[in-house]
Amino acid sequence: MADPPGCCSACATCLLCPYSCQWITAKKEKRKGLRTTKYDCSWFLFLFCVFLFTLVWLYFAIIILNDFHNFNEFIYRQSKLWLDWSLVLLIATAVLISYSSVLLVLALCLQLCGQPLKLHWVHKILLILTALVVAAAFTGLGIKWAEEWKSARISLQATGPFLHIGAVGGMTLLAWPLASFIYRTRNTGLRVFVLLVYCAAMLALYLAPLGITSPCIMEENQLPPKPALVGHRGAPMLAPENTLMSVRKAVDCDVQVFETDVMVSADGVPFLMHDEELTRTTNVQAVFPERAALNSTAFNWTDLQQLDAGTWFLERRPFPTVQSLSPDDRQEAAEQRIPSLEQALEAVKHSNLSIMFDLRPENHSDYQNFVNVTLGVILQSGIPLQQVLWLPDGFRDDVKQQAPGVQHIYGRKRVENEKEPVLHVNLPYQDMSSEEIRQYRQDNISVNLYVVNEPWLFSVLWCSGVSSVTTNACQVLKEMKRPIWLLPSSTYFMIWIVVDCVSFLIIIWAFVLMKKCSHRRRPAESETDVLLTKINSLMQE
């Protein structure tokens, strides 16, 4: 649909060789007949859509890194293979986005130079495969990890203003190749259609901030206090989870609550363990190979004390931070054993920490006895009961009678006509909106959200007014003195107006400049055509 190309041979070769796999010489007759057809335009449109599709997936991949440790644990429970799948995800995504980006840049440069957009069949196949891979990734995300869609919506509160600026900038840069296409094409209908679509897209982007909301668009003096930190199984990035070393590292991170999981051994000793099986965080397969697949509660305390609960941390490196441990920390980690609840209570009592725990497994036939045994250990430990945060819902009324000083944390939102007021809730961060957090805060209800590892997510929840967050990355969040960004509404409004105005002026300049270039090119092309016609007539005579 475009006019014949008019680029020099060297430039044409550099651009068309990787895009079309065609070598172009300087002789015009060898390039004669190469035009960008409707079929070629459809493939360019497909390329642009694949690029956007892959770009959206890259955004999702970065967002879900906050929860990727849970995915690694899930894969391990299914396959017994430990691998940091986040690296695989990021590498694969980087390859796909790099490939589609390079092709798109080549296509835009070809359009600016007036070259034909003849996409090679190999690229067409690879683009289709790229689209299928990304579509499969989104489908798998929706089926197996649907809560991440909520995470993406929350992330827009942190990234929305910056995504708007980036989108405006990217669409503004498209004005040059778009103007080149409009002034080169001879199809008036197509030219009008493309121009209308572009104008509609730009208008939508210019007005997008009307729909962008973020709790971090506020005045500095309105910022709520920094949320307290709850160590998820201690400090699992710095020490083996649910160990005494993890408690100590959590104390160094200034956490206020140690969050853990409690099970009860076959002989009635409560101990710290998250998984129902011991294979992930101990060497049970080496010590008791025939019993490795049994539930953790099937082992007595004597057997459990024989297990190494630290070497796995050094060998599997569940977090990249393991590589930076000092030799002394590595030695201490290798010596860790499964701690009893009594030992953990003693550690938090001396550190002036609170302890919050789940009692597992909830569906055990002897669960009521688990509750009674656990309560007995707590009462005998001498820890102030206000430092004990009770999460399990089973037999909660019995707990209130036997230990009335224990603080009760509910894993649900409040409901109307509660018999007793709910003062503390513990929920996934995806389950509460910023508006709900503010309302709970106004009603003096403490809200703890889990698991929050990334600074962007911590910033959004901080601005929303959450009371505390459960985190694996206490050493990172400890260092944050304020949210990543905080903008008064007036400042954001000014940025919005300036960005839109600058973008509009650049687009007008691009169209004016390309129009002048097209006018300069046409007389030259006309003179050349007349000269060729005269030469052809003379040769025929």
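Conventions used here
Residues numbered from 1 in each chain as written. Predicted model: local features only at pLDDT ≥ 70, side-chain atom pairs only at ≥ 80, totals over all residues. Heavy atoms only, no water. UniProt positions renumbered as here; feature names shortened; annotations may be inferred. Helix = DSSP H or I, 4+ residues; strand = E, 2+ residues; numbered from the N terminus. Rg over C-alpha atoms; globule rule 2.2 N^0.38 Å. Buried < 20%, exposed > 50% of the residue type's maximum accessible area, 1.4 Å probe, protein only. Contact = heavy atoms within 4.5 Å. Areas by Shrake-Rupley, 256 points an atom, 1.4 Å probe, with all protein chains shown as cover. Axes fitted to C-alpha atoms, helices over the stretch in contact; angles between N-to-C directions. Parallel < 35°, antiparallel > 145°, perpendicular 65-115°, else oblique. Left-handed = near helix turned anticlockwise from the far one by under 90°. Nonpolar A, V, L, I, M, F, W, Y, C, P; charged D, E, K, R; others polar. Domains from an automatic or database assignment. Buried area = accessible area lost by both parts, 1.4 Å probe. Salt bridge = Lys/Arg side-chain N within 4 Å of Asp/Glu carboxyl O.

- By the naming in an unreviewed UniProt entry, the protein is GDPD2 inositolphosphodiesterase, taken from Loxia leucoptera.
- The UniProt entry for the protein carries the following comment under Sequence similarities (unreviewed entry): "Belongs to the glycerophosphoryl diester phosphodiesterase family."

**Some words on the overall build of the protein**
At step 1: Helix and strand counts for the protein come out as 21 helices and 9 strands.
At step 2: A compact globule built from 541 residues would reach a C-alpha radius of gyration of about 24 Å, whereas the protein, at 31 Å, exceeds it by more than 25%.
At step 3: Expressed along its principal axes, the backbone C-alpha trace of the protein runs to roughly 115 × 55 × 40 Å.
At step 4: Each of the 541 residues in the protein was classed as buried or not, and the buried ones make up 48%.
At step 5: Here the contacts in the protein between residues at least 6 apart in sequence split such that 69% fall between residues at least 24 apart.
At step 6: Just so you have it, the protein exposes about 26500 Å², and 62% of that area is on carbon and sulfur atoms.

**Comments concerning the packing of helix α7 (residues 147–173) against helix α9 (residues 188–207)**
At step 1: Two elements in contact, α7 and α9, have axes whose closest approach is 10 Å; the angle formed by their N-to-C orientations is 155°. Considered as vectors, α7 and α9 are oriented roughly antiparallel to each other. The two elements α7 and α9 meet at a crossing, and its hand is left-handed. On α9, the residues that touch His164, Ala167, Val168, Met171 and Thr172 of α7 are Tyr198, Ala201, Met202, Leu205 and Tyr206.
At step 2: Its residues assigned to classes, the contact of α7 with α9 comprises 8 nonpolar, 2 polar and no charged.

**Describing the domain arrangement of the protein**
At step 1: Domain assignment breaks the protein into domain 1 (9–214 + 489–520) and domain 2 (230–413).
At step 2: Between the C-alpha centres of domain 1 and domain 2 there is a distance of 48 Å.
At step 3: Taking both partners together, domain 1 and domain 2 bury about 800 Å²; carbon and sulfur atoms supply 51% of that area.
At step 4: Of all residues in domain 1, His69, Tyr76 and Trp82 give up the largest surface area on contact with domain 2, accounting jointly for 57% of the area buried on that side.
At step 5: At the junction of domain 1 with domain 2, the criterion picks out 3 salt bridges.
At step 6: Glu277 is paired through a salt bridge with Lys80; the nearest N and O atoms lie 3.0 Å apart.
At step 7: Residue composition of the side of domain 1 that touches domain 2, by class: 2 nonpolar, 1 polar and 3 charged.

**Examining the UniProt feature "transmembrane region" (unreviewed entry) in the protein**
At step 1: Here the UniProt feature "transmembrane region" (unreviewed entry) sits at residues 41–65, 85–113, 125–143, 163–183, 190–212 and 492–513.
At step 2: In residues 125–143, the share of helix is 100% and the share of strand is 0%. The end C-alpha atoms are 27 Å apart.
At step 3: Summarising residues 492–513: 100% helix, 0% strand, and an end-to-end C-alpha distance of 32 Å.

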